[in-house]
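# Observations on the three-dimensional arrangement
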Amino acid sequence: MLTARVRNRRLAVASRAIPRISTGWALVRVRLAGICNTDLEILRGYHGFHGTPGHEFVGEVAACGGSGAGHRAAERRWVGRRVVGEINITCRGLGLRPLCEFCRRGMPTHCARRRVLGIVNQDGAFAEYLTLPLVNLHAVPESLPDECAVFTEPLAAACQILAQVPAAGRGASVAVLGDGKLGQLIVRVLAAAGAGVTLHGRHRRKLALAAVRGVSTETIARRTGSGSGRGQRRFPFVVDATGSPDGLALAIGMTEPRGTLILKSTFHGLW
Ligand SMILES: [Zn+2]
Ligand SMILES: [Zn+2]
């Protein structure tokens, strides 16, 4: 199969054998994959990842691992199905017992032994095939085209804001920084939940995309030097989705006293 590989901060196309799968795992033929800022950070050295990046995808199950009756049942259920997948491969997916502390506490996305598709110790979606445990898969409804389903993973990241900070929903006044893909999804999720959202970005074309109900937009001026935040409107909730350390500084300056700052950026090199 063809696959894109990262090695020493360079991306190259390579030819590799189709991966083998063990019991409880699926071989997934990738139909469509999304490029995320995290992928660009991986090229800059994030997580020291070597291998195939890519964690946003929609695919089709080509085969299930194992043998015997359980395997036949899994193949009947999954083969040919269009799927998206949880990117964190945790104790459960790895078949490890006892569960680690985080899995036991109901936070499997922070599993101590986790691998992460295309990010930590697991080849990702920029290839013809990827592998994931069956427990990670979600079937995609037929009515949903690939071009929508491929956004499931970043959309879930946007929805996680309301799971952790429910007060950022109905009636809240929220500033979202960053007009990229994640920022676009976040403003839609928060506006749908009834928040009044202001999207701050630097790209007129991308800001125009966010002209949906409940969302207003503002252009971030390219400022240099110190004094950031002076005269800047402040918000009780600020979401940083810029993907850059500069954005974080700006977000801090825009947060009201006792306000809540929500970090949704991934970047290499700050900590
Ligand atoms: Zn991503
Ligand atoms: Zn675990």
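Our subject is the structure that appears above.
These figures come from a predicted structure and were not determined experimentally.

With that out of the way, let us pick up the overall build of the chain. When helices and strands are tallied, the chain shows 9 helices and 14 strands. Computed over the C-alpha atoms, the radius of gyration of the chain is 20 Å, within 12% of the 18 Å expected from 2.2 N^0.38 for a compact globule of 271 residues. Principal-axis analysis of the C-alpha atoms places the extent of the chain at approximately 65 × 40 × 40 Å. For the chain, the proportion of its 271 residues judged to be buried stands at 44%.

Quick look at the side chain of K264 now. By secondary structure assignment, the location of K264 is in the segment after β14 (255-263). Within the buried core, K264 has no salt-bridge partner, and the shortest N-O distance to an opposite charge, that of E153, equals 8.7 Å. A distance of 2.9 Å separates a polar side-chain atom of K264 from the backbone oxygen of A157. Leave out the neighbours within four places in its chain, and K264 touches A157, Q160, I161, L182, I186, V239 and D240.

To continue, consider the coordination of the zinc ion (ligand 1). Around the zinc ion (ligand 1), the donor atoms from the protein are C36 (SG) and H55 (NE2), and they sit 2.0 to 2.3 Å away. On the criterion of sequence distance, the pair formed by C36 in the loop between β3 (25-34) and α1 (37-43) and H55 in the loop between α1 and β4 (56-64) is long-range, its members being 19 residues apart.

Right, let's get into the sheet that holds β14. Ordered by their spatial adjacency, 5 strands build an open sheet running β12-β11-β10-β13-β14, and the pairing between neighbours is parallel. Since the sheet does not close on itself, it has two edges, and those belong to β12 (215-219) and β14, each with one partner. With direction set aside, neighbouring strand axes in the sheet form an average angle of 25 degrees. Where strand β13 (residues 235-240) lies against β14, 5 bridges are found, and the strand directions are parallel. Bridge pairing in β14 links V238 to L261. In this fold helix α7 (residues 181-192) packs onto β10 (173-177), β11 (196-201), β12 and β13, with an angle of close to 170 degrees to the strand it touches most, β11.

It is worth spelling out the environment of N37 at this point. Position of N37 relative to the elements: it lies in helix α1. Distance from N37 to G180, taken between C-alpha atoms, is 8.9 Å for residues 143 residues apart in sequence.

A few words on the coordination of the zinc ion (ligand 2). With distances of 2.3 Å, the protein atoms coordinating the zinc ion (ligand 2) are C91 (SG), C100 (SG), C103 (SG) and C111 (SG). Viewed at the metal, the 4 donor atoms of the zinc ion (ligand 2) are separated by angles of 105 to 113 degrees, and the geometry they form is tetrahedral. Mapped onto the sequence, the residues coordinating the zinc ion (ligand 2) show the spacing C-x8-C-x2-C-x7-C. Side by side, C91 and C100 carry an identical accessibility label, which is buried.

Side chains that are three or four residues apart share a direction in an α-helix, a result of its 3.6 residues per turn. Considered for burial, the residues of helix α9 (residues 245-254) that qualify are G247, L248, L250, A251, G253 and M254. Those residues of α9 that are buried lie in contact with β10, β11, β13 and β14.

Further remarks concern the packing of helix α6 (residues 152-164) against α7. Contact pair α6 / α7: the axes reach a minimum separation of 9 Å and the direction vectors enclose 45 degrees. Here α6 lies oblique to α7, going by the angle between them. Relative to α7, α6 is oriented so that their crossing is right-handed. Listed contacts from α7 to P154, L155, A157, A158, C159, I161 and L162 of α6 are K181, L182, L185, I186, V189 and L190. Classifying every residue of the contact of α6 with α7 by side-chain character gives 12 nonpolar, no polar and 1 charged.

What counts as what
Residues numbered from 1 in each chain as written. Chains lettered and ligands numbered in written order. Predicted model: local features only at pLDDT ≥ 70, side-chain atom pairs only at ≥ 80, totals over all residues. Heavy atoms only, no water. Helix = DSSP H or I, 4+ residues; strand = E, 2+ residues; numbered from the N terminus. Rg over C-alpha atoms; globule rule 2.2 N^0.38 Å. Buried < 20%, exposed > 50% of the residue type's maximum accessible area, 1.4 Å probe, protein only. Lys, Arg positive; Asp, Glu negative; His and termini not counted. Salt bridge = Lys/Arg side-chain N within 4 Å of Asp/Glu carboxyl O. Polar contact = N/O pair within 3.5 Å; in protein donor to acceptor, adjacent residues only side chain to side chain. Contact = heavy atoms within 4.5 Å. Donors = N, O, S within 2.8 Å, 3.2 Å for Na, K, Ca; no water. Pairing = 2+ DSSP bridges. Axes fitted to C-alpha atoms, helices over the stretch in contact; angles between N-to-C directions. Tetrahedral: all angles 85-135°; square planar, octahedral: opposite > 155°, others 65-115°. Parallel < 35°, antiparallel > 145°, perpendicular 65-115°, else oblique. Left-handed = near helix turned anticlockwise from the far one by under 90°. Nonpolar A, V, L, I, M, F, W, Y, C, P; charged D, E, K, R; others polar.

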